[in-house]
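# Survey of secondary and tertiary structure
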Amino acid sequence: MHDQPFGQRILSWAGGPAEADRFVALGGIRLPAEPDPAALRHALDAVVARHPVLGQGPVPLRIVEDVWAAAAAGRYPPDARCLLWAYLAGTELLLVAHHNVTDPWSMRLLVREVLKPGSGPAPSYHDSASTHPPHRVARFAPFWNRMLTDVPALASGGGGDVGTAEVRAPSGITQRQAGAVARAVRSTPFVVLFTAFARALDQLRQGDAVVPVLTHGRRRSDWDTVGLYMNVLPVRLATSTVGAVHGAFAEAYANEIPFPLLLDAVPQAEALFTEGGPSLAQFEVIQVPAGGGIEALTIPAGLGLGGPVLPVNGLTFWLEPGAGGAYTVCLRYHRSYGEAEMRALIGRFVDRWEEIDAHATRA
């Protein structure tokens with residue numbers, strides 16, 4: 001049995017997703033006016049005081065010319081006294097926090113608190129695996145044994161290169177559009193975007209596909225808590241209609257348990273999701289709490305920070321909301337696939353999305 005918190009287990013994973021001192025979550029915003037640095041430092045230190053999982057202040061705040069260049073040049077050790085760093089360039093503020101104690105949802109909470117400081121103690125972070133009822137794991141283990149038996153791999157890439165690479169491209173899809181399509185087909189924005197991705201995978205699939213999906217992993221009581229709550233939810237897809245994807249995701253979600261406990265409960269799971277495992281396609285739509293009037297900054301390509309939670313044996317595809325709620329497609333892939341093939345996958349995703357959108361409009 002493993003008793004490490006999820007964040008620590010990620011960092012100790014053989015062939016893990018990123019260098020430990022580059023494995024961070026980011027939250028960039030455009031402020032309504034250039035702030036007073038002293039007041040900003042005070043606000044940042046107050047945020048750390050409210051969320052002990054971030055360590056102890058003071059928060060390192062650097063005044064720079066380009067927040068992205070400065071952040072990319074930095075190092076963020078997981079054993080630092082303070083696990084939150086900040087960069088300011090005019091009205092652009094970038095928060096960087098170590099990923100073993102934060103997630104994208106947490107970064108939006110931190111940004112909101114800097115803009116409008118909270119009062120009173122914040123909810124305390126707890127590791128979900130350590131508090132999950134054991135009887136739920138035992139009850140759901142048979143389901144996961146079935147789902148994770150004879151998992152088909154994606155078609156292998158044609159190249160012989162090793163390592164991973166990343167591409168980013170605007171999708172032309174906004175959160176508002178995804179919501180409108182979801183309402184038209186009586187589903188959720190996540191499911192319709194997931195369906196477009198599942199259809200785009202058809203040329204790489206060999207029968208069923210098991211797609212590890214990242215969820216925000218939060219109960220309602222955790223919505224205002226900073227911490228690493230993200231969970232990995234493997235979804236097995238046979239067909240890629242909206243209804244079939246909705247049903248497969250709903251069934252997996254109904255049986256969700258924290259991923260470290262899934263690895264412990266299902267003997268074959270560890271080999272599926274570690275370095276050197278089968279070539280799988282991971283999928284995520286970055287989810288953050290709504291509201292706050294925040295103008296988010298779009299993360300540029302080639303930053304070299306962060307990274308998928310699971311090792312990339314095939315590819316990981318995620319949608320990142322930026323300015324105006326527009327999604328950027330982010331794709332990290334094993335180099336054996338080649339950049340041209342991966343850009344073609346992005347093109348197919350956008351095409352399949354447009355088909356779903358057009359069908360919903362006609363319905």
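Use the structure listed above.
The following refers to the structure shown. Everything numeric here is computed off the predicted structure, so don't read it as measured data. (Residues numbered from 1 in each chain as written. Predicted model: local features only at pLDDT ≥ 70, side-chain atom pairs only at ≥ 80, totals over all residues. Heavy atoms only, no water.)

As a further point, take the environment of Tyr-76. Here Tyr-76 shows up in the loop between helix H3 (67–72) and strand E3 (84–89). Filtering out sequence-adjacent residues up to four positions away, Tyr-76 remains in contact with Ala-20, Asp-21, Val-24, Ala-70, Ala-71, Trp-85, Tyr-87, Val-96, His-98 and Leu-305. Looking at Tyr-76, its side chain comes within polar contact range of the main-chain oxygen of Ala-71, at 2.7 Å. Polar contacts involving the side chain of Tyr-76 include one to the side chain of Tyr-87, which spans 2.7 Å. (Helix = DSSP H or I, 4+ residues; strand = E, 2+ residues; numbered from the N terminus. Contact = heavy atoms within 4.5 Å. Polar contact = N/O pair within 3.5 Å; in protein donor to acceptor, adjacent residues only side chain to side chain.)

In this structure, Phe-283, Leu-315, Phe-317 and Phe-349 are the most contacted members of the largest nonpolar core, which totals 73 residues. If one sorts the elements of this core by residue count, helix H8 (residues 189–200) sits on top with 9 residues. Ranked by size, the runner-up nonpolar core spans 44 residues in total, among them Ala-25, Leu-26, Ala-70 and Ala-86. (Core = buried A, V, L, I, M, F, W, Y, C linked by side-chain atoms within 4.5 Å. Buried < 20%, exposed > 50% of the residue type's maximum accessible area, 1.4 Å probe, protein only.)

Turning next to the sheet that holds strand E4 (residues 92–98). Strand pairing in a sheet is mediated by backbone hydrogen bonds. Such pairs are either parallel or antiparallel. If you walk across this open sheet you meet the 4 strands as E1-E4-E3-E2, and the pairing is mixed. Looking at the sheet topology across the chains shown, the edges are occupied by strand E1 (24–30) and strand E2 (61–63). Each strand axis lies, on average, 15 degrees off the axis of its neighbour in the sheet, ignoring direction. Helix H4 (residues 104–115) contacts E1, E3 and E4 of the sheet and is inclined by roughly 135 degrees relative to E4. (Pairing = 2+ DSSP bridges. Axes fitted to C-alpha atoms, helices over the stretch in contact; angles between N-to-C directions.)

A few words now on the pattern of salt bridges. Tallied over the full model, the rule gives 14 salt bridges. In this structure, Arg-112 and Asp-224 form a salt bridge, with 3.8 Å as the shortest nitrogen-oxygen distance. Taken together, the residues Arg-112 in helix H4 and Asp-224 in the loop between strand E6 (209–215) and strand E7 (231–237) connect sequence positions 112 residues apart. We classify Arg-112 as partly exposed; its relative accessible area is 25%. The class of Asp-224 is partly exposed, set by a relative accessible area of 46%. When the shortest N-O distance is used, the salt bridge between Glu-355 and Arg-352 registers 3.0 Å. (Salt bridge = Lys/Arg side-chain N within 4 Å of Asp/Glu carboxyl O.)

All right, on to the layout of surface pockets then. The space that makes up the largest pocket amounts to roughly 810 Å³. Around the largest pocket, the lining comprises 45 residues; the ones closest to its centre are Leu-26, Arg-168, Ile-299, Trp-318 and Glu-320. Elements with a contribution of two residues or more to the lining of the largest pocket: E1, H4, strand E5 (164–174), strand E8 (281–285) and strand E9 (315–321). Counting residues per element, the lining of the largest pocket draws most heavily on E1, at 6 residues. Class assignment of the residues belonging to the lining of the largest pocket gives a composition of 27 nonpolar, 10 polar and 8 charged. As a volume, the second largest pocket reaches approximately 530 Å³. What lines the second largest pocket is a set of 24 residues, among which Thr-215, Gly-217, Arg-218, Tyr-253 and Glu-256 lie closest to the centre. For the lining of the second largest pocket, the secondary-structure elements that each account for two or more residues are helix H5 (128–131), E6 and helix H9 (242–254). When the residues that make up the lining of the second largest pocket are grouped by side-chain class, the tally is 10 nonpolar, 9 polar and 5 charged. (1 Å grid on protein atoms, 1.4 Å probe; cavity = no way out; pocket = protein on both sides within 12 Å on 5 of 7 lines; lining within 4 Å. Points joined across faces, edges and corners; volume = space filled by probe spheres on them. Nonpolar A, V, L, I, M, F, W, Y, C, P; charged D, E, K, R; others polar.)

Here the focus is unusual backbone geometry. Of note, the amide linkage connecting Gly-57 to Pro-58 takes the cis form, showing an omega dihedral of 5 degrees. Backbone geometry at Asp-150 places phi at a positive 55 degrees, although glycine is not the residue there. Looking at the element boundaries, Asp-150 is found in the loop between helix H6 (134–147) and E5. One non-glycine residue, Arg-186, adopts positive backbone phi at about 60 degrees. Note that Arg-186 resides in the loop between helix H7 (175–185) and H8.

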